Amino acid sequence: MKIRHAHILTREVLPFLASLLALVALALLFDALLHLLNAVWVGRYLGIPGVLLIVGSFGYSLRKRKLIHAGKPVDLLRLHERMAWAGSLLVLVHAGIHFNAILAWLAVWAMLINVASGLTGKFLLQRARRRLEAARDAMRRQGLSAEELEDSTYWDTLAFDVVKQWRAVHFPIALAFGVLALAHIAAVFWHWGWK
Amino acid sequence: MKRGWVLALVGANLVAIIALVFAYPHLMISPGSLIPAHAALAENCSSCHAPFRGVPPAKCVSCHAVADIGIRTTNGAAIADASSRPAFHQALITQACLSCHTEHPGASPATREPLFSHDLLNETMRNQCSSCHVPPVDALHADKSAKCATCHTQGGWKPATFDHDRFFPLIGPHKATCATCHTKSDFSTYTCFSCHEHEPGRVQAKHLEEGIRNIDNCVSCHRKGGAEGEGEEGNDD
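With that out of the way, let us pick up the overall build of chain B. When its secondary structure is counted, chain B shows six helices and zero strands. Along its sequence from the N terminus, chain B presents helices and strands in the succession α-α-α-α-α-α. The 237 residues of chain B split such that 5% are buried.

So this is what it looks like as structure tokens:
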């Protein structure tokens, strides 16, 4: 029993926490670096690549809803995780420029909740994936190719109840973040002098 | 159905937040409080901001006539201490108010992209450093006639570079510490007599043989530090 608990801690809980903590720690590190180099203003412009990365990560969401058909869902999911994480990191450094606007901060908090939700989803997917290992072995014995096996497991994983429930929560969070971020961007475009 | 309610709740909150943006822009989207002089404009962003153009200088000069800046207030009253701070806005080649002015101090100077350039000033004003800058009060900067550009550039006070070779090359036996010649940290003067090689009595006697009595400013003749004078003729007054 103790071994199983240790397994859950090292294989599931710690990686989840590490991703979240690494995001915050790296953001603080970059922010400190910009302060050290007397280049805090650079952070203002990091919001742009950050948003582009996050928008790019939506390719997976579109594929999942079959709005696009290009790309393997498994690969797009990995891309979604990495791009959204990196984009969030840049946006966090951008937020570190110490603006006071409430709207911008609401957007940042929505983003952080979104990241935490995304990592939770990743955690749930991985658990569901492991539970499917037995079924996967059975399919392998039936003679499915590695590629067919990967796709099959992906869609089966999504079919798990807990994952479906999580998706029902993740979408409104992503929607809230999207609307708040869009409102912040619109406000900046409206008032900022772009040269 | 349950999911629909969640979405409706999230949507309603978002609509409320967006409504707050329009009702309280100074809290929701302003990067910080305005300076006290502009505090009355806090809730009227369009007083200064133009859509997609930021704060065009035309908005500023509609209240702050360039000809009056530093001389008269926006109400037309004369500024009492105008003489202590020379009016230089009239010497600006282009109007780029935000290059220097931050009206929302919430966005602290450290977070601002450095936009000011001396090129915004006309050439005459550009070279009158002390119109805007107060020189440090120390022995090194005591000589008010010295040109700032000898050591400093208009790109920044630091790094300051001084080409010592232009005045006296520090080579051979003259590769000494600063304090050897510039005693008491006074870089505006120097002495050659800190070194036993240049014992005053011996140096004086040697120069008298040539009829040179004034040996206060060695470098005026010994520009490169050689035994024979390479500079202008020695002053034999």
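What follows picks up the thread again.
A word on the confidence of the model for chain A. Residues at a pLDDT of 70 or more form 86% of chain A, whose mean pLDDT is 84. Summarising per-element confidence for chain A, the mean pLDDT is lowest in helix α7 (residues 146-158) of chain A (69) and highest in helix α2 (residues 42-57) of chain A (93).

Residues and elements named next belong to chain A. Axis separation between helix α4 (residues 73-95) and helix α5 (residues 102-131) bottoms out at 11 Å; the angle between their running directions is 155°. Looking at the two axes, α4 sits roughly antiparallel to α5. Of the two elements, α4 crosses α5, and the hand of that crossing is left-handed. Along its contact with α4, which presents E81, A84, S88, V91 and A95, the element α5 presents A104, V108, M111, V115, G118 and K122. Residues that form the contact of α4 with α5 fall into these classes: seven nonpolar, two polar and two charged.

All names here are of chain A. Residue placement: G43 occurs in helix α2. A count of 22 C-beta atoms within 10 Å places G43 in the buried class. With 54 residues separating them in the primary sequence, G43 and I97 have C-alpha atoms 6.1 Å apart. If sequence neighbours within four positions are ignored, G43 has contacts with L34, V93, H94, G96 and I97.

Turning to the nonpolar core, a few remarks are in order. Generally speaking, soluble globular proteins have nonpolar side chains that are buried together. Counting residues in hydrophobic clusters, the biggest one holds 33 residues, and the most contacted among them are A:L103, A:A107, A:A110, A:M111, A:F177 and A:L180. Looking at this core, the elements with two or more residues in it are α2, α4, α5 and α8 (161-191) of chain A. A:L103 has contacts with A:L180, A:A183, A:H184, A:A187, B:V21, B:M28 and B:I29, leaving out every residue within four places of it along the chain.

What follows concerns helix α1 (residues 2-23) of chain B. For α1(B), with 22 residues, the first-to-last C-alpha span of 32 Å sits near the 32 Å given by 1.5 Å per residue. Summarising burial for α1(B): one of the 22 residues are buried, a small minority.

Among all residues except glycine, the phi angle is most often negative; among peptide bonds, the trans geometry is most common. Residues and elements named next belong to chain B. Of note, the bond from K158 into P159 is cis; its omega dihedral lies within 30 degrees of zero at 0°. With respect to the element layout, P159 can be found in the loop between α4 (123-126) and α5 (178-181). A positive phi is found at F52, a non-glycine position, where the angle reads about 65°. With respect to the secondary-structure elements, F52 resides in the loop between α2 (25-28) and α3 (57-61).

Across the ten residues of helix α6 (residues 200-209) of chain B, zero count as buried, placing the element largely on the outside. Two residues or fewer after α6(B) comes B:G211, characterised by a positive phi angle close to 80°.

The subject of this paragraph is the interface of chain A and chain B. Opposite the 23 residues of chain A that make contact, chain B presents 28 residues. Elements represented by at least two residues in the side of chain A that touches chain B include exactly α5 and α8 of chain A. The element contributing the most residues to the side of chain A that touches chain B is α8(A), with eleven residues. Residues that form the side of chain A that touches chain B fall into these classes: 19 nonpolar, four polar and no charged.

Scoring rules and cut-offs
- Residues numbered from 1 in each chain as written.
- Chains lettered and ligands numbered in written order.
- Predicted model: local features only at pLDDT ≥ 70, side-chain atom pairs only at ≥ 80, totals over all residues.
- Helix = DSSP H or I, 4+ residues; strand = E, 2+ residues; numbered from the N terminus.
- Buried ≥ 20, exposed ≤ 12 C-beta atoms within 10 Å, placed from the backbone.
- pLDDT = per-residue confidence, 0-100.
- Axes fitted to C-alpha atoms, helices over the stretch in contact; angles between N-to-C directions.
- Parallel < 35°, antiparallel > 145°, perpendicular 65-115°, else oblique.
- Left-handed = near helix turned anticlockwise from the far one by under 90°.
- Contact = placed C-beta atoms within 7 Å.
- Nonpolar A, V, L, I, M, F, W, Y, C, P; charged D, E, K, R; others polar.
- Core = buried A, V, L, I, M, F, W, Y, C linked by C-beta atoms within 7 Å.
- Expected span 1.5 Å × (residues − 1).

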